[in-house]
Amino acid sequence: MPESSDTQPVSAEPLWRLGTAYFSRKVTLTAAELGVFTVLADGPLTAEQLRVRLELHPRGVADFLDALVALGMLERDGDRYRNTPLSDHFLNENRPSYVGAFLSAADARWDRLADALRTGEPQNRWGAGPQMFTEQYRTTAAWRNFTAGMDYLNGMIGPPVAEAFDWTSVESVVDVGGARGNLVAALLRRHPHLKAGVFDLPGVEPVFTEHMTQLGIADRVTFHAGDFFTVPMPAADVLILSHVLHDWAVEERRVLVSRAFDALAPGGRLVVIDPMIDDDRRGTAGALLTSLNMLMVTPHGAEYTATEARDWLTEAGFTGITAAPIGVHNTVLSGVRPA
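Residues numbered from 1 in each chain as written. Predicted model: local features only at pLDDT ≥ 70, side-chain atom pairs only at ≥ 80, totals over all residues. Heavy atoms only, no water.

**Regarding the overall build of the chain**
What counts, and what does not: Only DSSP runs of H or I reaching four residues or more are called helices, and only runs of E reaching two or more are called strands; each is numbered from the N terminus. Using a 1.4 Å probe on the protein chains alone, a residue whose accessible area is under 20% of its type maximum counts as buried, one over 50% counts as exposed, and one in between counts as partly exposed. The contact definition used throughout considers only heavy atoms, calling two residues in contact when any of these lie within 4.5 Å. For the accessible areas, the method is Shrake-Rupley and the probe is 1.4 Å, while residue cover comes only from the protein chains on display. For the purpose of counting charges, residues Lys and Arg are taken to be positive, whereas Asp and Glu are taken to be negative. His and the chain ends are not included. Throughout, a charge is located at the NZ atom of Lys, the CZ atom of Arg, the CG atom of Asp or the CD atom of Glu.
Across its full length, the chain holds 15 helices and ten strands. Looking at the 339 residues of the chain, the share that counts as buried comes to 45%. The contacts in the chain between residues at least 6 apart in sequence include a share of 68% that link residues at least 24 apart. Of the roughly 17,100 Å² of accessible surface on the chain, a fraction of 55% belongs to carbon and sulfur atoms. Of the charged side chains in the chain, 29 are positive and 42 negative, and the gap between their average positions amounts to 2 Å.

What follows is the structure in structure tokens.
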């Protein structure tokens, strides 16, 4: 049916912006794959010098590099290109903070979203339980890539968490599933009096030790090895479950919250951080998109609402439950074990 004369035209601009956002991601990840940022870590180079070093065809190089400048991934002085602090920190393969492999794996995984939606199955095929981590990350190098990705995520929430509570009366904190300790490192920088620990699978310990040594705090953070479904959580004044509950099914989340309650002394606090979905499921897209990512990487994981998380903490016995936004697309929810 033809549109009436008073029908307002529908602009394609929102769809165009959404569709072409992919271009920016692909240009950045391709630059990391080619080694642009790693090569430039040694010093600025011209486009021709970079082209020769990376064995690229002349066509497209100038547009490629200048697109990276426009995206804030490179800087250009005259005809010479150099890394920005952001790209040098996260996309230089020679740094322990390198997340190019982590982001490239996510990029490839999202190409299989249709398969995940048709089957309801994760696209990494590693099964349920702890083996979904231990089977994927059998080597120290693989754990390093994964935990660097976790650092990339929790690096955005560490400083706000350090300000979210009154830590002056807290003596000890353990990050449960805390990877190589980046979150507790942020807490120690702000609150040096804390006694800190990380509880994670045994395979994480080498990269934890490596990272804590590089940060110069290896003597201030203790690693506790174990599977948190079978080994009691370490005792502490505060236990943190950051980007952990969303890996598991609802019943498993209830188990973890209950086990945290058991490990805390009266007056102890549990802190839960995840990209929680707003209750009416029509707010910002970040948490919902992250939930789709959990569909593709875990057998039963998904994001959830703060209301659901409150219920799990209440069922376990926690009181004084609060929730607030923190960082990018995250919510921090906490409860206290009654005295």
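**A look at the sheet that holds strand E8 (residues 269-274)**
So the rule is basically this: When DSSP finds two or more bridges between a pair of strands, those strands are recorded as paired. Structural elements are reduced to axes, namely lines fitted to C-alpha atoms, with helices fitted over the stretch in contact, and the angle between N-to-C directions of any two is expressed from 0 to 180 degrees.
One open sheet accounts for seven strands, arranged E6-E5-E4-E7-E8-E10-E9; its pairing is mixed. At either margin of the open sheet sits one strand with a lone partner, and together these are strand E6 (221-225) and strand E9 (319-326). Pairwise comparison of adjacent strand axes, ignoring direction, gives a mean angle of 20° for this sheet. Where E8 meets strand E10 (residues 330-336), six bridges bridge the pair, whose relative direction is antiparallel. The residue of E10 that forms the bridge with Leu-270 is Gly-335.

**A look at the packing of helix H13 (residues 250-263) against helix H15 (residues 306-316)**
We count it as follows: Roughly parallel refers to an angle under 35 degrees, roughly antiparallel to one over 145, roughly perpendicular to one between 65 and 115, and oblique to any angle outside these ranges. The sense of a crossing depends on the near helix, which, turned anticlockwise from the far helix by less than a right angle, makes the crossing left-handed and, turned clockwise, makes it right-handed. Any residue that is not Ala, Val, Leu, Ile, Met, Phe, Trp, Tyr, Cys, Pro, Asp, Glu, Lys or Arg is counted as polar, Gly included; the first ten are nonpolar and the last four charged.
At their nearest, the axes of H13 and H15 sit 9 Å apart, and the two run at 45° to each other. Judged by the angle between their axes, H13 and H15 are oblique. At the point where H13 passes H15, the crossing takes the right-handed sense. Here Val-250, Arg-253, Arg-254, Val-257, Ser-258 and Phe-261 of H13 lie close against H15, whose contacting residues are Trp-312, Leu-313, Glu-315 and Ala-316. Among the residues making up the contact of H13 with H15, the classes are represented as six nonpolar, one polar and three charged.

**Structural notes on the side chain of Thr-298**
How we decide: Under the rule applied, a polar contact is a pair of N or O atoms within 3.5 Å (in protein, one hydrogen donor and one hydrogen acceptor; residues adjacent in sequence only if both atoms are side-chain atoms).
Its place among the elements puts Thr-298 in the loop between helix H14 (286-297) and H15. A polar contact of 2.7 Å, which involves the side chain of Thr-298, links it to the backbone oxygen of Met-294.

**Description of the nonpolar core**
Let me state the cut-off plainly: By convention a nonpolar core is built from buried Ala, Val, Leu, Ile, Met, Phe, Trp, Tyr and Cys residues, the set being connected through side-chain atoms within 4.5 Å.
Counting 33 residues, the largest nonpolar core has Val-161, Trp-167, Val-173, Leu-187, Val-221, Ile-240 and Ile-273 as the members making the most contacts within it. Broken down by secondary-structure element, the contributors of at least two residues to this core are helix H9 (140-154), helix H10 (158-164), helix H11 (182-190), strand E5 (195-200), helix H12 (205-215), E6, strand E7 (238-242) and E8. No other element matches the five residues that H11 contributes to this core. Apart from the residues lying within four places of it in its own chain, the contact partners of Trp-167 are Val-161, Ala-162, Val-173, Leu-187, His-191, His-193, Leu-194 and Val-238.

**Digging into the pattern of salt bridges**
It is possible for side chains bearing opposite charge to pair when their charged atoms get close. Operational definition: Any Lys or Arg side-chain nitrogen found within 4 Å of a carboxyl oxygen on Asp or Glu counts as a salt bridge.
Here the structure, examined in full by the defined rule, presents twelve salt bridges. Lys-26 is paired through a salt bridge with Asp-107; the nearest N and O atoms lie 2.7 Å apart. Of this pair, Lys-26 sits in helix H1 (residues 13-34) while Asp-107 sits in helix H6 (residues 100-110), and the two are 81 residues apart along the sequence. Asp-107 sits in the buried class, given a relative accessible area of 8%. Between Arg-190 and Glu-163 there is a salt bridge, with its nearest N and O atoms 2.5 Å apart. Of this pair, Arg-190 sits in helix H11 while Glu-163 sits in helix H10, and the two are 27 residues apart along the sequence.

**A look at the pairing of strand E3 (residues 80-83)**
Covered by surrounding structure in E3 are Tyr-81 and Asn-83 only, the residues Arg-80 and Arg-82 on the alternate face being uncovered. Relative to E3, strand E1 (residues 45-46) is paired through two bridges, and the arrangement is antiparallel. Within E3, the position partnered with Leu-45 by the bridge is Tyr-81. Pairing geometry for strand E2 (residues 74-77) and E3, over four bridges, is antiparallel.

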